Amino acid sequence: MADTPAIELTGVSKSFGGFQALLGVDLTVAEGERVVVCGPSGSGKSTLIRCINRLEEHDAGRIVVEGVELSDDVDALDEVRREVGMVFQSFNLFPHLTVLQNCALAPMRVRGTKRAAAEALGMKYLDKVQIPGEAHKFPDQLSGGQQQRVAIARALCMEPRIMLFDEPTSALDPEMIGEVLDTMVTLAEEGMTMICVTHEMAFARRVADRIVFMADGEVVEIADPETFFTNPQNDRTRTFLDQILKQ
Amino acid sequence: MAVALAPPATDDNLMAWARRRLFSTWLDGLITVAFGALMIWAVARIVDWGVLDAVWTVAEKDRCREVDGACWSVIGARGRLILFGLYPHDEHWRSTLACIAIILTMGFSCIPKFWGLRRLPALWVAGFAIFILLMYGGILGLPVVRTEQWGGLSLTVFIFAAVVVIGMPLAVVLALARRSPLPVISGVANVIINFVRSLPLLAILFTAAVVVPFVVPDWAQGDKLVRVTLAFALFFACYQAEIIRAGLQAIPSGQEEAASALGMKYWSRVFDIMLPQAFRNSLPSTINQFVITFKETSIVTIIGFFEIMASGNAAVGTGEWVSQFVEVYVFVGAIYFAFVFGLSRYGAYLERRARLTHG
């Protein structure tokens, strides 16, 4: 199994109406690898990771996650979603449930875990993201940074093998970005397979094994952080880096 | 309701408050005095008529012609007719118990502890079983009372409860169906909702009561009350479905995506994530619909059921009490008010509760 890649995309395309969001994307992510995806707005980064757990259905190409190919097969999809956790830009916590209930719900409903065990699991991961004290509050009572850490804990409660992050810090006030990134660094250091769409270049440089640069629905360049930042090969990558590092 | 409560304060503050809010200009003062006088006069008139000058007992009913006040003797004399309709006199206790059973069932289903996919149906099945056994009889030595003889308050409460209990799940199904990505399912739900909404309630009830017996074979007709209740429930469901759909539309798409990403299946997403939020979002309209439905139950009068409004009319329909219609309508109105006001307060409680658990 060690040789099976965690995620394998081959020639993946996706269009919304007339807009081509993805155009023949090839990408292989190894077990335990941390990949950061960046690129200008509208380049297809979010669509790419949303295809990996089939929140978007791809039109063409193949997506294989942990050896399971995504198709119309519902059982395969269930299997993939159990193994792939996702964190969203807008947190998407369930507002009518407490923090702990947010964490415990999916293990109970999807894995059939008993309530007590699911809540113990929830507390374990709330501890990990360092907010066990907020377990009985409702999401609206927390700061943005805390909410995003709850969202990470909620995804971890399913004990996934892969975590997808879709611009997890873009909706946060600047002073809260650090606490969320710290949590993600901890995860990365524990060997979680991660794909992270982000513009946090310092984070990318620190944790990424590889950086994928996308533009207009295509993968333009894939490189290790050192090469990516010091010696980008493609003109568009250079332009993008110039713009983003100038700030 | 109209009198604002003063803040808990000393007389000194009360005076300051009154000066600021009621007498800040001479025009304010004038309006305050005028409306104050009007209110005192109206309250005094009502108390005079309803209490001080009123005749209370049936024994004194001959005095009714002499006094200006209300003649509450009519309630004593005709109260049973109003509350029980045509239900046989010796069996009134059964109607009373049945009515209490349904009211308790409604009361319990208002308590959040009972909101479960197993508890709530179990509660309703038990409540309706007790109601029907008591009302219809035929076992345990209770004489059979056919539904044509049911009437009064217990009939009103039964129709309302049955319409809501049957209509609500149907409304959820219609609302979910209308949002289905499968065109056949959403299309069918769409046609049902728009067809039923386009017809007046009266036409639908008439169809169920009068037309169905002509077109459906005898063995499939069922009881008239059952047909009418089911038709009413369908009517309720079509309106309530749109209310629930509005509540569903208001939920950000990220909610369902997050649940999907966690691996939750359709029914779990619906019952754990979507519906609880949809009901919260649509609470004011839902309470509205309940209130309208409770009052609309009086329409079944027209197809020959003696619910409380009809039996109230019957109570003053005969010679002896014909001039006491105001008293009877006040009595019936008070009963409607008790239920509808209770519903409104319950709605307010739920909104407060939702706010507390919503941050």
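Our subject is the structure listed above.
Just so it is clear, the model here is predicted, and its values are computed rather than measured. (Residues numbered from 1 in each chain as written. Chains lettered and ligands numbered in written order. Predicted model: local features only at pLDDT ≥ 70, side-chain atom pairs only at ≥ 80, totals over all residues. Heavy atoms only, no water.)

Engineer: Quick question: what am I supposed to make of the overall build of chain A here?
Structural biologist: A count of helices and strands for chain A gives 9 helices and 10 strands. Radius of gyration (C-alpha) of chain A: 18 Å, near the 18 Å computed for a compact globule of 247 residues. Seen through its principal axes, chain A has C-alpha atoms that stretch 55 × 45 × 40 Å. Counting across all 247 residues of chain A, residues that qualify as buried make up 57%. When the accessible surface of chain A is totalled, it reaches about 10400 Å², and 45% of it is carbon and sulfur. Charged side chains in chain A number 24 positive and 38 negative. The centres of these two groups are separated by 4 Å. (Helix = DSSP H or I, 4+ residues; strand = E, 2+ residues; numbered from the N terminus. Rg over C-alpha atoms; globule rule 2.2 N^0.38 Å. Buried < 20%, exposed > 50% of the residue type's maximum accessible area, 1.4 Å probe, protein only. Areas by Shrake-Rupley, 256 points an atom, 1.4 Å probe, with all protein chains shown as cover. Lys, Arg positive; Asp, Glu negative; His and termini not counted. Charge placed at Lys NZ, Arg CZ, Asp CG, Glu CD.)

Engineer: Quick question: what am I supposed to make of unusual backbone geometry here?
Structural biologist: Working note: non-glycine residues mostly have negative phi, and peptide bonds are mostly trans. Residues and elements named next belong to chain A. Although it is not a glycine, Phe 91 adopts a positive phi angle of roughly 65 degrees. With respect to the helices, strands and loops of the structure, Phe 91 is situated in the loop between strand 6 (84-87) and helix 3 (99-111). Of note in the backbone geometry, Gln 130 takes a positive phi value of approximately 65 degrees without being a glycine. Looking at the secondary structure, you find Gln 130 in the loop between helix 4 (115-128) and helix 5 (144-156). Take Gln 130: its relative accessible area is 64%, and that puts it in the exposed class.

Engineer: Help me out: how do you make sense of the packing of aromatic side chains in this one?
Structural biologist: Any two aromatic rings considered together are summarised by their centre-to-centre distance and by the angle between their planes. Taken as a whole and judged by the stated rule, the model has 20 aromatic pairs over all chains. Note on Phe 337 of chain B and Phe 341 of chain B: the rings are 5.1 Å apart at their centroids and 10 degrees apart in plane angle, and the pair reads as stacked. One end of the pair, Phe 337 of chain B, and the other, Phe 341 of chain B, are both in helix 15 (residues 325-356), 4 residues apart, so they sit about a helical turn from each other. Three or more aromatic residues joined by ring pairs form one cluster here, namely Phe 160, Phe 236, Phe 290, Phe 294, Tyr 336 and Phe 339 of chain B. Its end group placed over the ring of Phe 94 of chain A, Arg 154 of chain A keeps NZ or CZ at 4.5 Å from the ring centre. The aromatic ring of Phe 305 of chain B is capped on one face by Lys 224 of chain B, whose charged end is 5.2 Å from the ring centroid. (Phe/Tyr/Trp six-rings, centres within 6.5 Å; stacked < 30°, edge-to-face > 60°. Lys NZ or Arg CZ within 6 Å of the ring centre and 35° of its normal.)

Engineer: Before we go on, may I ask you to explain the pattern of salt bridges in this structure?
Structural biologist: Opposite charge on two side chains permits pairing when their charged atoms draw close. Summed over all chains, the structure comprises 25 salt bridges over all chains. For Glu 257 of chain B, the salt bridge is made with Arg 50 of chain A, and the minimal N-O distance between the two is 2.7 Å. Here Glu 257 of chain B, found in helix 11 (residues 253-261), pairs with Arg 50 of chain A, found in helix 1 (residues 45-52), and the two come from separate chains. A salt bridge links Glu 148 of chain B to Arg 146 of chain B; the shortest N-O distance between them is 3.6 Å. Owing to a relative accessible area of 47%, Arg 146 of chain B belongs among the partly exposed residues under this scheme. It is possible to trace a salt-bridge network through shared partners that takes in Arg 178, Arg 197, Glu 242 and Arg 245 of chain B. (Salt bridge = Lys/Arg side-chain N within 4 Å of Asp/Glu carboxyl O.)

Engineer: Would you mind going over the sheet that holds strand 7 (residues 162-166) of chain A with me for this structure?
Structural biologist: Strand pairing in a sheet relies on backbone hydrogen bonds. The paired strands run either parallel or antiparallel. All names here are of chain A. Spatially, 6 strands are ordered 6-7-8-3-9-10 in an open sheet, and the strand pairing comes out mixed. For this open sheet the edge positions go to strand 6 and strand 10 (218-223), each flanked by a neighbour on one side alone. For this sheet, the mean angle separating the axes of adjacent strands, direction not counted, is 20 degrees. Of the strand pairs in this sheet, strand 9 (residues 210-215) and strand 10 are connected by 5 bridges, and their pairing is antiparallel. When the bridges of strand 10 are listed, Ile 211 appears paired with Ala 223. Along the sheet, helix 6 (residues 174-189) contacts strand 3 (34-38), strand 7 and strand 8 (193-197); its crossing angle with strand 8, the most-contacted strand, is approximately 150 degrees. (Pairing = 2+ DSSP bridges. Axes fitted to C-alpha atoms, helices over the stretch in contact; angles between N-to-C directions. Contact = heavy atoms within 4.5 Å.)

Engineer: Explain the pairing of strand 9 of chain A to me, please; I cannot follow it from the model alone.
Structural biologist: Note on strand geometry: in a regular strand, side chains alternate between the two faces of the sheet. Residue and element names in this part refer to chain A. Within strand 9, 5 of the 6 residues are buried, leaving the element largely enclosed by the surrounding structure. By the bridge criterion, 4 bridges tie strand 3 to strand 9 in an arrangement that is parallel. Along strand 9, the bridge assignment pairs Cys 38 with Phe 213.

Engineer: I keep staring at the packing of helix 4 (residues 92-109) of chain B against helix 6 (residues 152-178) of chain B and nothing clicks. Help me out?
Structural biologist: Axes are the key here: two packed helices are described by the angle between their axes and the distance separating the axes. All names here are of chain B. Between helix 4 and helix 6, the shortest axis-to-axis distance is 9 Å and the interhelical angle comes to 30 degrees. Classed by the angle they form, the pair helix 4 and helix 6 counts as roughly parallel. Read as a crossing pair, helix 4 and helix 6 show a hand that is left-handed. The residues of helix 6 that touch helix 4, namely those facing Ser 95, Cys 99, Ile 102, Ile 103 and Met 106, are Leu 153, Ser 154, Val 157, Phe 160 and Ala 161. Here the contact of helix 4 with helix 6 is composed, by residue class, of 8 nonpolar, 2 polar and no charged. (Parallel < 35°, antiparallel > 145°, perpendicular 65-115°, else oblique. Left-handed = near helix turned anticlockwise from the far one by under 90°. Nonpolar A, V, L, I, M, F, W, Y, C, P; charged D, E, K, R; others polar.)

Engineer: What is the right way to look at the packing of helix 3 (residues 73-84) of chain B against helix 14 (residues 308-315) of chain B in this model?
Structural biologist: Residue and element names in this part refer to chain B. Orientation of helix 3 relative to helix 14, taken along the N-to-C sense of each, is 150 degrees, at an axis distance of 7 Å. Taken as axis vectors, helix 3 and helix 14 run roughly antiparallel relative to one another. With respect to the hand of their crossing, helix 3 and helix 14 are arranged in right-handed fashion. Each of Arg 78, Leu 81, Ile 82 and Leu 83 in helix 3 lies in contact with helix 14, whose residues at this interface are Ile 308, Ser 311, Gly 312, Ala 314 and Ala 315.

Engineer: Explain the interface of chain B and chain A to me, please; I cannot follow it from the model alone.
Structural biologist: Think of interface size as the accessible area that goes away when the parts come together; that is how it is often given. The partner chain A presents 23 residues to the 21 residues of chain B that form the contact. Here chain B packs against chain A, burying approximately 1900 Å² in sum over the two surfaces, 62% of which is carbon and sulfur. For chain B, the biggest contributors to the area lost against chain A are Glu 257, Ala 261 and Leu 262 of chain B; these three give 29% of the whole. Summed over the shared surface of chain B and chain A, the number is 3 salt bridges. (Buried area = accessible area lost by both parts, 1.4 Å probe.)

Engineer: I keep staring at the pairing of strand 1 (residues 7-16) of chain A and nothing clicks. Help me out?
Structural biologist: All names here are of chain A. Where strand 1 lies against strand 2 (residues 19-29), 7 bridges are found, and the strand directions are antiparallel. Within the sheet, the bridge partner assigned to Glu 8 lies in strand 2 and is Thr 28. In textbook terms, the turn of a hairpin is the stretch between consecutive antiparallel strands, and for strand 1 and strand 2 this stretch comprises 2 residues, one of which, Gly 17, has a positive phi near 60 degrees. Where strand 1 lies against strand 4 (residues 60-65), 5 bridges are found, and the strand directions are antiparallel. In the strand pairing of strand 4, Leu 9 is matched with Ile 63.

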